[in-house]
Amino acid sequence: MNGWLSVLWVFEKIFKEFLKVMNDVELQKLVEDISSEFFEWSFKHKAIFNPRLRTTGGRYLLRSHDIEINPKQFDHFGLDALIGIIKHELCHYHLHLQNRGYRHQDKDFKDLLAKVGGSKYCGTIPGMRRTSQTLHVYRCTECGTVFNRKRTIDTKRYVCGKCKGKIRKVKTFKNS
Ligand SMILES: [Zn+2]
Ligand SMILES: [Zn+2]
């Protein structure tokens, strides 16, 4: 790679990371703000990102009263989805502390969730079951057939299944 291009490439990468970062301090502030604005009750415990959560968007911990949020929620689906999950967890939080029905099936929970416009689900993030978020597109140089693959393939070893022609990578898509 040309020297200037690689410098630009590194710079772009750093800048993208910079834009993407939301840390625990900011999350804490966001949860407190949402709590006072939509619930009119303050959030007095801890909110943290837990990268070990796999398909769970967020969870409320009954013992510590803390809220954990899957960082992928923000990375993959953006701020709106993150706010939806936070409202959902805050419904568990406030109802539990007020000794009201804090479970998904409870009327108190359903009513409060509808009132604040929270996300319906916290158990699974829709679309997160796919392990691969990348798609590689190849095309046959002879007959033009297009192949989509989740993994890269060795274009020197593999040939087109239709005409045995050479294949070439066209594009890589990334969801995140
Ligand atoms: Zn829930
Ligand atoms: Zn072909």
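Residues numbered from 1 in each chain as written. Chains lettered and ligands numbered in written order. Predicted model: local features only at pLDDT ≥ 70, side-chain atom pairs only at ≥ 80, totals over all residues.

## Thoughts on the packing of helix α2 (residues 24-39) against helix α3 (residues 71-97)
- It is the contact of α2 with α3, at a shortest axis distance of 10 Å, that shows an interaxial angle of 70°. When the axis of α2 is compared with that of α3, the two are roughly perpendicular. For the element pair α2 and α3, the recorded crossing hand is right-handed. Each of L30, V31, I34, S35, F38 and F39 in α2 lies in contact with α3, whose residues at this interface are I83, I86, K87, L90 and H94.
- Tallied by class, residues from the contact of α2 with α3 come to eight nonpolar, two polar and one charged. (Axes fitted to C-alpha atoms, helices over the stretch in contact; angles between N-to-C directions. Helix = DSSP H or I, 4+ residues; strand = E, 2+ residues; numbered from the N terminus. Parallel < 35°, antiparallel > 145°, perpendicular 65-115°, else oblique. Left-handed = near helix turned anticlockwise from the far one by under 90°. Contact = placed C-beta atoms within 7 Å. Nonpolar A, V, L, I, M, F, W, Y, C, P; charged D, E, K, R; others polar.)

## Topic: the sheet that holds strand β3 (residues 67-69)
- One open sheet accounts for three strands, arranged β1-β3-β2; its pairing is mixed. Each having just a single partner strand, β1 (47-49) and β2 (58-60) make up the two edges of the open sheet. Sheet twist, expressed as the average angle between the axes of neighbouring strands with direction ignored, equals 15°.
- Examined bridge by bridge, β2 and β3 share three bridges and lie antiparallel to one another. If you follow R59 over to β3, its bridge partner there is E68. (Pairing = 2+ DSSP bridges.)

## Structural notes on unusual backbone geometry
- Even without a glycine there, the phi angle at E40 is positive, about 60°.
- Locating E40 in the fold gives a position in the loop between α2 and β1.
- If you check the backbone angles, H65 has positive phi at about 65° while not being a glycine.
- Following the sequence through the fold, H65 ends up in the loop between β2 and β3.

## Some thoughts on the packing of α3 against helix α4 (residues 107-116)
- One can describe the packing of α3 onto α4 by two numbers: an axis separation of 10 Å at closest approach and a directional angle of 135°. It follows that α3 is oblique to α4 by the angle criterion. Crossing of α3 over α4 shows right-handed handedness. Taking contact as the criterion, the partners of K87, H88, C91 and L95 in α3 are, on α4, D108, F109, L112, L113 and V116.

## A word on the nonpolar core
- One finds V31, I67, I69, I86 and L90 to be the most contacted residues of the largest nonpolar core, which totals 19 residues.
- Elements with a contribution of two residues or more to this core: α2, β3, α3 and α4.
- If you tally residues by element for this core, the top one is α3, at nine residues.
- If near-sequence neighbours (up to four positions away) are discounted, V31 is found in contact with F43, A47, I67 and I86. (Core = buried A, V, L, I, M, F, W, Y, C linked by C-beta atoms within 7 Å. Buried ≥ 20, exposed ≤ 12 C-beta atoms within 10 Å, placed from the backbone.)

## Overview of α2
- For α2, built from 16 residues, the straight-helix expectation of 22 Å at 1.5 Å per residue is met to within 8% by its first-to-last C-alpha distance of 21 Å.
- All of the buried residues along α2 are L27, V31, I34 and S35. The arc enclosing the buried residues of α2, seen along the axis, measures out at 100°, which places them on a common side. The exposed residues of α2 that point more than 90 degrees off its buried face are V25, E26, K29, S36 and E37.
- If you follow the buried residues of α2, they end up packed against β1, β3 and α3.
- Downstream of α2 by one or two residues, E40 has phi in the positive range, about 60°. (Expected span 1.5 Å × (residues − 1). Arc of directions from axis to C-beta.)

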